[in-house]
Amino acid sequence: MTDIPKTQWAQVFESHNGPLEYKQIPVPTPGPDEVLVNIKYTGVCHTDLHAWQGDWPLDVKLPLVGGHEGAGVVVALGEMAGQNGRVKLGDHAGVKWLNGSCLSCDFCEASDEPLCAKASLSGYTVDGTFQQYCVAKAAHVSIIPKDVPLDAVAPILCAGITVYKGLKESGAKPGQCVAIVGAGGGLGSLALQYAKAMGLQTLAIDAGDDKRKMCEELGARAFVDFSKSSNLVEDVKKASPDGLGPHAVILLAVSEKPFQQAADYVRARGSVVCIGLPAHASLKADVFSTVTKMINIKGSYVGNRRDGAEAIDFFARGLINAPYKVAGLSELPKVFELMKAGKIAGRYVLDTSK
Ligand code: NAD
Ligand code: ZN
């Protein structure tokens, strides 16, 4: 086994929008039901930007080490963490947004653990994966097969699980058409791939030629550029296979407007699944057409442990190939700037050794 150092590199902030400090901090010690994961790569999710900016109505731990898409190697086990044999020293493991939950409330018992009132959130209510050594509950880390590359799999730990779950929640059936709103971003690029693997047709909505090109390469049947369209609702309907609109809409955008448009172009009997979390935003839909078109509008929030294992299995079987760029952990501020400006097509993954 590798020796565990006393200190490590991490990205830490003490106040919202305050300096992101790349510095040495102590390596944490896992509690009895926790494991210590030597994070090799971590994705950067827009949620990490929300946490830094403090724009959600949910308190953030401060000072904070952000990050919740970590992939690495298990280097220590708390006294009870290895008891059921699920996690072993040397296993490759993923640290997710859901760092832990109580495992005994109504929601946990029904495997809806993201809804647990006592859930701890990586890189939000507990320190996350923007560090070289991260602690997580043994019951919640994802096991990653050893032949799967840790850089490419990192974004699956949040983005992949979330869109896979959202697509299941949409109820769309193989052959049907799903609109992916925010298709050019991290969640969007993976949604295009999971949808394809699940036998669905996709219609991508985002802006700019880079994102158009990426979405087309990822299998979208059409791309609607929201920055150029003068009638988005009509353009989306027209781009659906029979002109009646997509069977489902997966909303991943980081602005409010698309949340007001989706019910207008979704097909009758269709569903609108809200996943993106733009700050201070509300949902709005016309009551008359929601009723007479029998539209289902719902939220979807990450996934449970099984969704995580399934999402990783799709990836391990080679079905999910979305582009990502690698930067050093020290370069997080630059990645946040690009993300704020909407300039990232796909995902950024950070190498914690740089
Ligand atoms: P991202 O920045 O990589 O991608 C967001 C995309 O939305 C960008 O490509 C942007 O151009 C696009 N966009 C902005 N306005 C749009 C519009 N009007 N129409 C269409 N597209 C538009 O972000 P991400 O990491 O993919 O995260 C997306 C959102 O999902 C964030 O708010 C994040 O916090 C949230 N999220 C939710 C969950 C959950 O469980 N519900 C999980 C992870 C992330
Ligand atoms: Zn995330």
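Remember, predicted model here, so these are calculated numbers, not experimental data. (Residues numbered from 1 in each chain as written. Chains lettered and ligands numbered in written order. Predicted model: local features only at pLDDT ≥ 70, side-chain atom pairs only at ≥ 80, totals over all residues. Heavy atoms only, no water.)

Visitor: Pulling in residues and values, what's your account of the layout of surface pockets?
Guide: Considered as a void within the structure, the second largest pocket measures approximately 200 Å³ in volume. Taken together, 13 residues make up the lining of the second largest pocket; nearest its centre are Asp-33, Leu-103, Lys-137, Ala-138 and Ala-139. Within the lining of the second largest pocket, the residues separate by chemical class into seven nonpolar, three polar and three charged. (1 Å grid on protein atoms, 1.4 Å probe; cavity = no way out; pocket = protein on both sides within 12 Å on 5 of 7 lines; lining within 4 Å. Points joined across faces, edges and corners; volume = space filled by probe spheres on them. Nonpolar A, V, L, I, M, F, W, Y, C, P; charged D, E, K, R; others polar.)

Visitor: Before we move on, could you go through the site of ligand 1 and cite the residues and values that matter?
Guide: Neighbouring ligand 1 are 30 residues, the closest being His-46, Thr-47, Asp-206, Val-302 and Arg-347. Measuring from an oxygen atom of ligand 1, one finds a side-chain N or O atom of Thr-47 at 2.7 Å. A distance of 3.4 Å separates a nitrogen atom of ligand 1 from a polar atom in the backbone of Gly-182. Coverage of ligand 1 by the protein amounts to 93% of the 860 Å² it exposes when considered alone. (Near = heavy atom within 4 Å. Polar contact = N/O pair within 3.5 Å; in protein donor to acceptor, adjacent residues only side chain to side chain. Areas by Shrake-Rupley, 256 points an atom, 1.4 Å probe, with all protein chains shown as cover.)

Visitor: Now, about helix H4 (residues 159–170): what can you tell me, with residues and values included?
Guide: In this model, H4 (12 residues) spans 16 Å end to end at C-alpha, consistent with the 16 Å of a helix rising 1.5 Å per residue. Buried within H4 we find Ala-159, Gly-160, Ile-161, Thr-162, Val-163, Tyr-164, Lys-165, Gly-166, Leu-167 and Ser-170. Looking at the buried residues of H4, the elements they touch are strand S10 (177–181), helix H5 (186–197), strand S13 (248–251), strand S14 (271–274), helix H10 (305–316) and strand S17 (347–351). Positive phi appears at Gly-171, one or two residues downstream of H4, with a value of about 75°. (Helix = DSSP H or I, 4+ residues; strand = E, 2+ residues; numbered from the N terminus. Expected span 1.5 Å × (residues − 1). Buried < 20%, exposed > 50% of the residue type's maximum accessible area, 1.4 Å probe, protein only. Contact = heavy atoms within 4.5 Å.)

Visitor: Help me get a handle on the coordination of the zinc ion (ligand 2), residues and values and all.
Guide: At 2.0 to 2.3 Å from the zinc ion (ligand 2) lie its protein donor atoms, namely Cys-45 (SG), His-68 (NE2) and Cys-158 (SG). In the primary sequence, the donor residues of the zinc ion (ligand 2) line up as C-x22-H-x89-C. Here Cys-45, found in the loop between strand S3 (34–43) and helix H1 (46–53), pairs with His-68, found in the loop between H1 and strand S4 (70–77); they are 23 residues apart in sequence, far enough to count as distant. Residue classification places His-68 among the buried residues on the basis of a relative accessible area of 0%. (Donors = N, O, S within 2.8 Å, 3.2 Å for Na, K, Ca; no water.)

Visitor: Any details on the pairing of S17? Residues and values, ideally.
Guide: Most of S17 sits out of view: five of its five residues are buried. Side-chain alternation along S17 places Arg-347, Val-349 and Asp-351 on one buried face and Tyr-348 and Leu-350 on a second face that is also buried. For S3 and S17, the ladder comprises three bridges, and the chain directions are antiparallel. By the bridge assignment for S17, Thr-42 is matched with Leu-350. As paired strands, strand S16 (residues 324–328) and S17 are joined by five bridges and run parallel to one another. (Pairing = 2+ DSSP bridges.)

Visitor: So what's going on with the packing of aromatic side chains? Which residues, and what values?
Guide: Enumeration according to the criterion identifies eight aromatic pairs in this entry. Judged by centre distance (5.5 Å) and plane angle (70°), the rings of Trp-97 and Tyr-124 are edge-to-face. Within this pair, whereas Trp-97 is found in the loop between strand S5 (92–95) and strand S6 (98–100), its partner Tyr-124 is found in the loop between strand S7 (120–121) and strand S8 (133–137), the two being separated by 27 residues in sequence. A residue is classified by how much of its surface remains accessible, and Tyr-124, at 0% relative accessible area, is buried. Considering the side-chain rings of Tyr-194 and Phe-314, the 5.8 Å spacing of their centres and the 45° angle between planes classify their relative orientation as tilted. Residue Tyr-194 is located in helix H5, and its partner Phe-314 is located in helix H10; the two are separated by 120 residues in the primary sequence. We classify Phe-314 as buried; its relative accessible area is 13%. These aromatic residues form a ring-pair network of at least three members: Trp-56, Trp-97 and Tyr-124. (Phe/Tyr/Trp six-rings, centres within 6.5 Å; stacked < 30°, edge-to-face > 60°.)

Visitor: Describe in detail helix H8 (residues 257–265), supporting the description with residues and values.
Guide: Buried within H8 we find Pro-258, Phe-259, Gln-261, Ala-262, Ala-263 and Tyr-265. For H8, the secondary structure elements touched by its buried residues are S10, strand S11 (201–206), helix H7 (232–239), S13, S14 and strand S15 (296–299).

Visitor: Any chance you could break down the sheet that holds S14 for me, citing the residues and the numbers?
Guide: Ordered by their spatial adjacency, six strands build an open sheet running S12-S11-S10-S13-S14-S15, and the pairing between neighbours is parallel. Edge positions in the open sheet fall to strand S12 (222–225) and S15, since each of these has one partner strand only. On average, adjacent strands in this sheet sit at an angle of 20° to one another, irrespective of strand direction. As paired elements, S10 and S11 share five bridges and run parallel to each other. Across the sheet, the residue bridging to Val-181 is Ile-205, located in S11. (Axes fitted to C-alpha atoms, helices over the stretch in contact; angles between N-to-C directions.)

Visitor: How would you sum up the nonpolar core? Please name residues and give values.
Guide: Of all hydrophobic cores here, the largest spans 46 residues; its most connected members are Ile-156 and Tyr-194. Breaking this core down by element, the ones donating at least two residues are helix H3 (150–153), H4, S10, H5, helix H6 (209–217), S13 and H10. Among the elements that line this core, the one with the most residues is H5, at six residues. Each of two domains, domain 1 (7–158 + 303–351) and domain 2 (161–299), supplies a minimum of three residues to this core. Ignoring any residue separated from it by four or fewer positions in sequence, one finds Ile-156 in contact with Ile-161, Leu-190, Tyr-194, Ala-311, Ile-312, Phe-315 and Ile-320. Listed in part, the 31 residues of the second largest apolar core include Val-44, Trp-97, Cys-108 and Ala-119. (Core = buried A, V, L, I, M, F, W, Y, C linked by side-chain atoms within 4.5 Å. Domains from an automatic or database assignment.)

Visitor: Go over the packing of H4 against H5, please, and point to the residues and values.
Guide: H5 packs onto H4 with a crossing angle of 55° between their chain directions and a minimal axis gap of 9 Å. Compared by their axis directions, H4 and H5 come out oblique. With respect to the hand of their crossing, H4 and H5 are arranged in right-handed fashion. For the pair formed by H4 and H5, the contact residues are Ala-159, Gly-160, Thr-162, Val-163, Tyr-164 and Leu-167 on the first element and Gly-186, Leu-187, Leu-190, Ala-191, Tyr-194 and Ala-195 on the second. By residue class, the composition of the contact of H4 with H5 is nine nonpolar, three polar and no charged. (Parallel < 35°, antiparallel > 145°, perpendicular 65-115°, else oblique. Left-handed = near helix turned anticlockwise from the far one by under 90°.)

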